[in-house]
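Examination of the molecular architecture
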Amino acid sequence: MAFKALNLSANVLRGVQAAGYTDPTPIQLRAIPVVLGGGDLIASAQTGTGKTAAFALPVLTRLGQHGRARVLVLEPTRELAAQVETAFRDFARFTDIRTVAVFGGVGYGAQRSDLKRGVDIIVATPGRLVDYLKTGEISLRDITILILDEVDRMLDMGFLPQIEDVLKKLPRDRQTMLFSATMPSSIVKIAQN
């Protein structure tokens, strides 16, 4: 099955083709229809199986065009946050949808500038996101899609308290996706919350 058969928007399909992708991977075939339909999702997939595209492509299709911050993606490391932001930008190159990555280890200047210009998708590490929430520079009130990526790694790194804090600030009425290489009981507990 080709990406064309998955009901992605024309501009997102152009981004997929420009990125050089032709056929969806198994995780993409199973996840994309669920995400497009607005359903919650728990997916277990190893790194390198195409899970970023499995959530990025349908999310970009659902957003349609630039508006306000409606999507939050949590990542365990700044390297992963930067990679996921790049993937969103590549797939969205034929749209006006804006993405920002916010993570520690770098200054706040460029991130603040991007946030002030307005973004649709925030890709963040938990610690830096909490910093921006405390200063009021990021609001989660309009978030309609939450993606917790590499959840097992975030838990291994001790981010559970920050994740729980973020979850309390999000609207209850939202689409939630969890992606993890493994599914320990602590992830099941987060999913139930």
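The preceding data block contains the structure.
Residues numbered from 1 in each chain as written. Predicted model: local features only at pLDDT ≥ 70, side-chain atom pairs only at ≥ 80, totals over all residues. Heavy atoms only, no water.

Once that is clear, we can look at the pattern of salt bridges. Overall, the coordinates contain ten salt bridges when judged by the stated rule. With a closest N to O distance of 2.7 Å, Asp120 and Arg70 form a salt bridge. Of the two residues, Asp120 sits in the loop between helix H5 (109–117) and strand S4 (121–124) while Arg70 sits in the loop between helix H3 (51–63) and strand S2 (71–74), which places them 50 residues apart along the sequence. A relative accessible area of 0% means that Asp120 is categorised as buried. Judged by relative accessible area, Arg70 falls into the buried class, the value being 10%. A salt bridge links Glu85 to Arg89, with the nearest nitrogen and oxygen atoms 2.7 Å apart. Of this pair, Glu85 and Arg89 both sit in helix H4 (residues 78–91), separated by four residues, roughly a single helical turn. Classification of Arg89 by relative accessible area gives partly exposed; the value is 43%. (Salt bridge = Lys/Arg side-chain N within 4 Å of Asp/Glu carboxyl O. Helix = DSSP H or I, 4+ residues; strand = E, 2+ residues; numbered from the N terminus. Buried < 20%, exposed > 50% of the residue type's maximum accessible area, 1.4 Å probe, protein only.)

Further remarks concern the packing of H3 against H4. Contact pair H3 / H4: the axes reach a minimum separation of 10 Å and the direction vectors enclose 45 degrees. The angle between the axes of H3 and H4 places the two elements in the oblique class. Seen along the crossing, H3 lies across H4 with a hand that is right-handed. Here H3 contributes Thr52, Ala53, Phe55, Ala56, Leu57, Val59 and Leu60 to the contact with H4, which in turn contributes Val84, Ala87, Phe88 and Phe91. Tallied by class, the residues present in the contact of H3 with H4 amount to ten nonpolar, one polar and no charged. (Axes fitted to C-alpha atoms, helices over the stretch in contact; angles between N-to-C directions. Parallel < 35°, antiparallel > 145°, perpendicular 65-115°, else oblique. Left-handed = near helix turned anticlockwise from the far one by under 90°. Contact = heavy atoms within 4.5 Å. Nonpolar A, V, L, I, M, F, W, Y, C, P; charged D, E, K, R; others polar.)

In this section: the packing of aromatic side chains. Inspection of the entire model under this criterion finds four aromatic pairs. Judged by centre distance (5.7 Å) and plane angle (50 degrees), the rings of Tyr21 and Phe91 are tilted. With Tyr21 in the loop between helix H1 (10–18) and helix H2 (26–36) and Phe91 in helix H4, the pair connects residues that are 70 residues apart, well separated along the chain. Overall, Tyr21 belongs to the partly exposed group, its relative accessible area being 41%. Ring plane angle 70 degrees and centroid distance 5.5 Å describe the contact between Tyr108 and Tyr132, whose orientation is recorded as edge-to-face. Of this pair, Tyr108 sits in the loop between strand S3 (99–102) and H5 while Tyr132 is found in helix H6 (residues 126–135), placing the two residues 24 residues apart along the sequence. The class of Tyr132 is buried, set by a relative accessible area of 0%. Taken together, the aromatic side chains of Phe55, Phe88 and Phe179 make up a single cluster linked through ring pairs. Stacked on the ring of Phe94, the Lys or Arg Arg14 has its end atom at 3.9 Å from the ring centre. One residue, Arg128, lies across the ring of Tyr108, its end atom 3.8 Å from the ring centre. (Phe/Tyr/Trp six-rings, centres within 6.5 Å; stacked < 30°, edge-to-face > 60°. Lys NZ or Arg CZ within 6 Å of the ring centre and 35° of its normal.)

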